[in-house]
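Structure at a glance
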Amino acid sequence: MAEKPYRTLDARPSADSLIKPGELVDLIEVTPLSLNDRRIYNQLLENAWDAIDKPVSHVISKAALRGKHNSNDRVGESLERLMSAVVKVSVNWDGGPAIERVQLLGGNIEALRSDGLIEYEIPARLRKIIGNSTVFARLQREVMFALSSKYALTLYEMVQKRGNLRWRSSERFSLEALRGILGVPKGKLTSWSNLKLRALDPAVAEVNDLSDFMVVVEPIKSGRSVTHVELKWWRKDDDATGAAGRALQYSKVGRRVKAAGTEEQIVPIAAKEVSGETRPKAPELKPRPAWLQSRGTPLRTETYETARLRHAGYDIYFVEGEWRSWAAGKPPADDPDRAFLAFFKKYAEANPI
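Residues numbered from 1 in each chain as written. Predicted model: local features only at pLDDT ≥ 70, side-chain atom pairs only at ≥ 80, totals over all residues. Heavy atoms only, no water.

Observations concerning the environment of methionine 158
Threshold: In DSSP terms, a helix is any run of H or I states spanning at least four residues, a strand is any run of E spanning at least two, and both are numbered starting from the N terminus.
By the element assignment, methionine 158 lies in helix 6 (residues 150–162). Sequence separation between methionine 158 and isoleucine 181 is 23 residues; the distance between their C-alpha atoms is 9.2 Å.

Focus: the packing of aromatic side chains
The way to describe two aromatic rings as a pair is by their centre distance and the angle between their planes. For the record, the criterion: Geometry of aromatic contacts follows a simple scheme: Phe, Tyr and Trp rings, the Trp one being its six-membered ring, pair when their centres are within 6.5 Å, and the pair is stacked under 30 degrees between planes, edge-to-face over 60, tilted otherwise. Buried, partly exposed and exposed residues are distinguished by accessible area as a fraction of the type maximum, computed with a 1.4 Å probe on protein chains only: under 20%, between the cut-offs, and over 50%, respectively. We count a charge as sitting over a ring when the NZ of a lysine or the CZ of an arginine lies within 6 Å of the ring centre and within 35 degrees of the ring normal.
Overall, the coordinates contain 4 aromatic pairs when judged by the stated rule. Pairing tryptophan 326 with phenylalanine 343 gives two aromatic rings, centres 5.7 Å apart and planes at 40°, and the pair type is tilted. Of this pair, tryptophan 326 sits in helix 12 (residues 316–327) while phenylalanine 343 sits in helix 13 (residues 336–350), and the two are 17 residues apart along the sequence. Tryptophan 326 sits in the partly exposed class, given a relative accessible area of 48%. Residue classification places phenylalanine 343 among the buried residues on the basis of a relative accessible area of 17%. Seen in terms of ring centroids, phenylalanine 340 and phenylalanine 344 are 5.6 Å apart; in terms of plane orientation they differ by 65°. Their pairing is edge-to-face. Of this pair, phenylalanine 340 and phenylalanine 344 are both found in helix 13, 4 residues apart, which corresponds to roughly one turn of the helix. Judged by its relative accessible area of 0%, phenylalanine 344 is buried. An aromatic cluster is defined as three or more aromatic residues linked by ring pairs; in this entry it consists of Trp323, Phe340 and Phe344. Note that lysine 330 overlies the ring of tryptophan 326, its terminal NZ or CZ placed 4.5 Å from the centroid.

Considerations on the pairing of strand 10 (residues 213–222)
Stated formally: We treat two strands as partners when DSSP finds at least two bridges between them.
By the bridge criterion, 10 bridges tie strand 10 to strand 11 (residues 225–235) in an arrangement that is antiparallel. Pairing of glutamate 218 across the sheet is with glutamate 230, part of strand 11. Between strand 10 and the antiparallel strand that follows it, strand 11, lie 2 residues; glycine 223 among them carries a positive phi value of about 75°.

Observations concerning the sheet that holds strand 2 (residues 28–29)
With antiparallel pairing, the 3 strands of this open sheet are ordered in space as 2-4-5. With partners counted over all chains shown, the strands left at the sheet margins are strand 2 and strand 5 (96–103), one partner each. Looking at chain direction, strand 4 (residues 86–93) and strand 5 are connected through 8 bridges and run antiparallel. Bridged to asparagine 92 within strand 5 is proline 97.

Some thoughts on helix 7 (residues 175–182)
For clarity, the threshold we go by: The contact definition used throughout considers only heavy atoms, calling two residues in contact when any of these lie within 4.5 Å.
Across the 8 residues of helix 7, 6 count as buried, placing the element largely inside the fold. Burial in helix 7 covers these residues: Leu175, Leu178, Arg179, Gly180, Ile181 and Leu182. Tucked inside the fold, the buried residues of helix 7 contact strand 2, helix 1 (35–48), helix 6, strand 9 (170–174), helix 8 (192–210) and strand 11. Following helix 7 by one or two positions, glycine 183 has its phi on the positive side, about 80°.

With respect to the side chain of aspartate 26
This is how the line gets drawn: Nitrogen and oxygen atoms within 3.5 Å of one another constitute a polar contact, given that in protein one can donate a hydrogen and the other can accept it, and given that sequence-neighbouring residues count only through two side-chain atoms.
Relative to the helices and strands, aspartate 26 resides in the loop between strand 1 (17–21) and strand 2. For aspartate 26, a relative accessible area of 16% puts it in the buried group. At 2.9 Å, the side chain of aspartate 26 and the side chain of lysine 161 are in polar contact. What aspartate 26 contacts, discounting residues up to four positions off in sequence, is Met158, Lys161, Arg162 and Ile181.

Below you can see the structure in the form of structure tokens.
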């Protein structure tokens, strides 16, 4: 009996993370969007999640969307760009692959008060795509707001979408397809060297610093020209995950320069050869600070792999969040990895898919 596919709509956001359907990760922008536009759109999706596939309106406060900025103008401008944005989404239609062109955001109304609300709609065609989705990215809210460019945020989403794949750790893209997914404006960064220097290198460095995955983008040549790239990813070990947690404490500037006083420097990630592959090396680590310890003992990479094999189709990060919430206030487990796997078994039995 074939396994029933896990629907994206069955995945639940948590206090620290939100869900983005995979079809909205690898989309091709016809109308370029900014970093702020992309962040706001992710928040709109999260806010609408419980009824995102239904023909209803959703309401959110302007304060929730403007973040640290006091101006509502930026929110309004982002909404207008999202309304006018047309994207190309890869879908299956009539038994074969197809491209569907859709708007990202439907009609909306904004209260003039600075502390007012925004009512918005998800377009019908997009609701259908989301309702049929079976692949998604779980985005850590803290990482999403720490990344400093739209290229870094898009690369992070691409890796988060693919990180739970059981038998895959790399994917090849044509240079044209990668530019489209990253949202590189037409006529910009046309050469491989410029794309690498201006977009990919900074994005890879940020994702490696801040996320729980390591990633490399390797050029592939046809003759003398780079025509494709190979995107490779793998989960960090415990020490590198701790380094990412420390990096999130720093401001955008502080992550790039040595901080004053007793604060430590987040050093650039170097590269080393591992089994013939170029892989970034995690920075030298100091003891985990108290704020990170308070989040609980990090799990081993092998634990995630075991959970993925035993319970295929489940959202591992969501279940981990459920386990940590359940364990809060209880004495710490002698073996957190075994405790998590035992909790996962009971969770799967109680919530079959």
